[in-house]
Protein chains: 2
Amino acid sequence: MVSVNTRWLSPDEMAAWVRLAAVLELLPAALDSQLRRDAGLTHFDYYVLAMLSETPAHTLRMTALAERTTATLARLSHVVARLEGRGLIERFPCPEDRRATNARLTEAGWAKVQETAPGHVATVRETVIDALTPEQIAQLTEIGEAILHRLDPEGTRAAIYQRYDPA
Amino acid sequence: MVSVNTRWLSPDEMAAWVRLAAVLELLPAALDSQLRRDAGLTHFDYYVLAMLSETPAHTLRMTALAERTTATLARLSHVVARLEGRGLIERFPCPEDRRATNARLTEAGWAKVQETAPGHVATVRETVIDALTPEQIAQLTEIGEAILHRLDPEGTRAAIYQRYDPA
DNA sequence: CCGAATTGGTTGTAGCTACAACCTACGGCC
DNA sequence: GGCCGTAGGTTGTAGCTACAACCAATTCGG
């Protein structure tokens with residue numbers, strides 16, 4: 001099964017990949033640890049709350065929420081169940097489609113987002129945004145776009161980011 | 001505790017961050033799933049074996065291995081214990097320092113790396129490297145460097161990548 | 001309409017990671 | 001040369017994710 005003529009990485013490619021791999025390992029840990037320390041939330045928990053907070057009624061169907069957070073429905077179901085247990089989210093059956101479930105931010109959940117957001121944004125600035133020049137920000141957008149196009153050609157899972165178009 | 005004047009992200013910054021966050025979520029999953037399917041290894045398992053395979057004697061002290069894989073010693077200890085149970089790695093006390101433990105690739109472990117590497121490299125090419133132009137590869141190296149400098153100013157945890165210098 | 005396939009979601013469980021507690025060996029220092 | 005602090009690792013456990021099995025509601029073909 002082993003290909004006899006693998007195209008190995010050139011030194012330039014290796015340099016880029018090794019750094020990306022290290023970022024992949026360290027950055028999620030850094031984000032998680034700030035949010036856990038300051039708000040008792042994982043990064044994914046926060047993302048779920050944040051996505052709900054950006055809608056007019058602070059409400060989304062589970063499937064829509066799963067798309068916006070690039071998660072599987074199973075994972076989302078577990079996470080929302082925990083957040084519901086903590087009183088930050090409430091679930092109720094969708095009137096239009098009786099298969100579906102809506103998730104809505106509670107008052108406490110909305111308050112949690114508002115008090116957590118500044119610290120999170122500050123961390124993102126410190127570790128990523130403020131480390132880069134404006135040109136690099138633009139380059140990173142293009143690079144991210146290119147990689148996501150390979151990871152998810154249909155754009156079904158990560159459809160959200162298209163709303164944030166720099167143009 | 002909430003800062004009254006948070007510097008929120010501009011549209012350009014938001015565009016870059018949202019894409020990076022999506023990559024952070026999807027890329028590790030893609031790498032893990034290929035390696036799990038084709039070799040029964042997690043991406044971290046593979047990294048551990050790969051780092052050992054790059055040394056002359058296929059041997060490293062646990063602490064050194066932890067640095068090269070940017071992991072905590074506790075995590076590495078669990079992982080190596082599992083890989084040892086599968087016969088891919090063996091541990092033995094370090095002669096020079098009786099506190100220390102050496103980890104060495106077994107024959108089977110070395111074979112595993114050789115048969116797994118091509119498929120892994122192919123995945124890295126498909127999802128990242130071949131999606132980018134040579135200019136973008138260079139830009140990604142710089143961007144990764146800048147972010148890592150914030151995540152780990154001392155360079156203690158991710159010292160390895162300095163060996164792969166494009167210059 | 002009626003049955004099959006599909007959509008929307010939940011739950012059980014195995015496996016990995018983080019965190020903290022713990023143990024042994026080495027080094028300095030007086 | 002004994003004591004304290006630190007370095008090097010291991011282990012126990014709680015919590016999160018992935019995977020697969022499962023169930024109910026809807027849609028579609030004939």
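Here, residues in each chain are numbered from 1, in the same order as that chain's written sequence. Written order decides the labels, with chains lettered from A and ligands numbered from 1. Only residues with pLDDT of at least 70 are given local features in this predicted model, and only at 80 or more are side-chain atom pairs given and counted; all residues enter the totals for whole chains, interfaces and linings.

By the naming in an unreviewed UniProt entry, chain A goes by MarR family transcriptional regulator and is assigned to Paractinoplanes durhamensis.

1. A word on the protein's contact with DNA strand D
This is how it is decided: The rule is simple: place the C-beta atom from the backbone, and if it lies within 6 Å of a molecule or strand, the residue is near it. Just so you know the grouping, Ala, Val, Leu, Ile, Met, Phe, Trp, Tyr, Cys and Pro go in nonpolar, Asp, Glu, Lys and Arg go in charged, and all remaining residues, Gly too, go in polar.
Neighbouring DNA strand D are 27 residues; A:Arg98, B:Thr63, B:Ala74, B:Ser77 and B:Ala100 lie closest to it. Split by residue class, the surface near DNA strand D holds 10 nonpolar, eight polar and nine charged.

2. Brief notes about the UniProt feature "domain: HTH marR-type" (unreviewed entry) in chain A
Note the threshold: UniProt positions are given in the numbering used here, feature names are shortened, and annotations may be inferred rather than shown by experiment. Strands are runs of DSSP state E lasting at least 2 residues, helices are runs of H or I lasting at least 4, and numbering of each runs from the N terminus.
In the UniProt entry, the feature "domain: HTH marR-type" (unreviewed entry) is given for residues 17–149 of chain A. As a span, residues 17–149 of chain A carries 68% helix and 10% strand, and end to end its C-alpha atoms are 18 Å apart.

3. Notes on the packing of helix α6 (residues 134–151) of chain A against helix α6 (residues 134–151) of chain B
When two helices pack together, their arrangement is given by the angle between the helix axes and by the axis-to-axis distance. Stated formally: With axes taken as lines fitted to C-alpha atoms, and helix axes fitted only over the stretch in contact, angles between N-to-C directions fall between 0 and 180 degrees. Note on terminology: angles under 35 degrees are roughly parallel, angles over 145 are roughly antiparallel, angles of 65 to 115 are roughly perpendicular, and the others are oblique. By the definition used in this description, the sense in which the near helix is turned from the far one sets the handedness, with an anticlockwise turn below a right angle giving left-handed and a clockwise turn giving right-handed. Working definition of a contact: two residues with C-beta atoms, positioned from the backbone, lying within 7 Å.
Where α6(A) contacts α6(B), the axes come no closer than 10 Å and their chain directions differ by 120°. If you check the angle between α6(A) and α6(B), you find them oblique. Once α6(A) is placed against α6(B), the crossing between them reads as left-handed. Mapping the contact onto sequence places A:Gln136, A:Gln139, A:Leu140, A:Glu142 and A:Ile143 in α6(A) and B:Gln136, B:Gln139, B:Leu140, B:Glu142 and B:Ile143 in α6(B). For the contact of α6(A) with α6(B), the residue count by class is four nonpolar, four polar and two charged.

4. Details of the sheet that holds strand β1 (residues 59–61) of chain A
Residue and element names in this part refer to chain A. Selection criterion: Each pair of strands is called paired provided DSSP finds at least two bridges between the two strands.
Here three strands make up an open sheet; going across it, the order is β1-β3-β2 and the pairing antiparallel. The two strands at the open ends of the sheet, each matched to only one other strand, are β1 and β2 (89–93). Put simply, the sheet's adjacent strands are angled 25° from each other on average, direction ignored. Note that β1 and strand β3 (residues 101–105) share three bridges and pair antiparallel. Residue pairing in the sheet places Arg61 in a bridge with Asn102 of β3. In the packing of helix α2 (residues 43–53) onto the sheet, contacts are made with β1 and β3, and the angle to β3 comes to roughly 90°.

5. Things to note about the interface of chain B and chain A
Where interface size is given, it is often the accessible area lost as the parts come together that is meant. Listed as interface residues are 59 residues of chain B and, on the opposing side, 59 residues of chain A. Contributing elements (two or more residues each) for the side of chain B that touches chain A: α1 (11–39), α5 (107–127) and α6 of chain B. Per-element accounting of the side of chain B that touches chain A gives the leading share, 18 residues, to α1(B). The residue inventory of the side of chain B that touches chain A, partitioned by class, reads 37 nonpolar, nine polar and 13 charged.

6. Some thoughts on the environment of B:Gly144
Filter applied, for reference: The burial label depends on the number of other C-beta atoms within 10 Å of a residue's C-beta. Counts of 20 or more mean buried, 12 or fewer mean exposed, and intermediate counts mean partly exposed, with C-beta atoms placed from the backbone.
With respect to the helices, strands and loops of the structure, B:Gly144 is situated in helix α6. For B:Gly144, a count of 23 C-beta atoms within 10 Å gives the class buried. In this structure, B:Gly144 is in contact with A:Ala16, A:Arg19, A:Leu20 and A:Val23, ignoring residues within four places of it in sequence.

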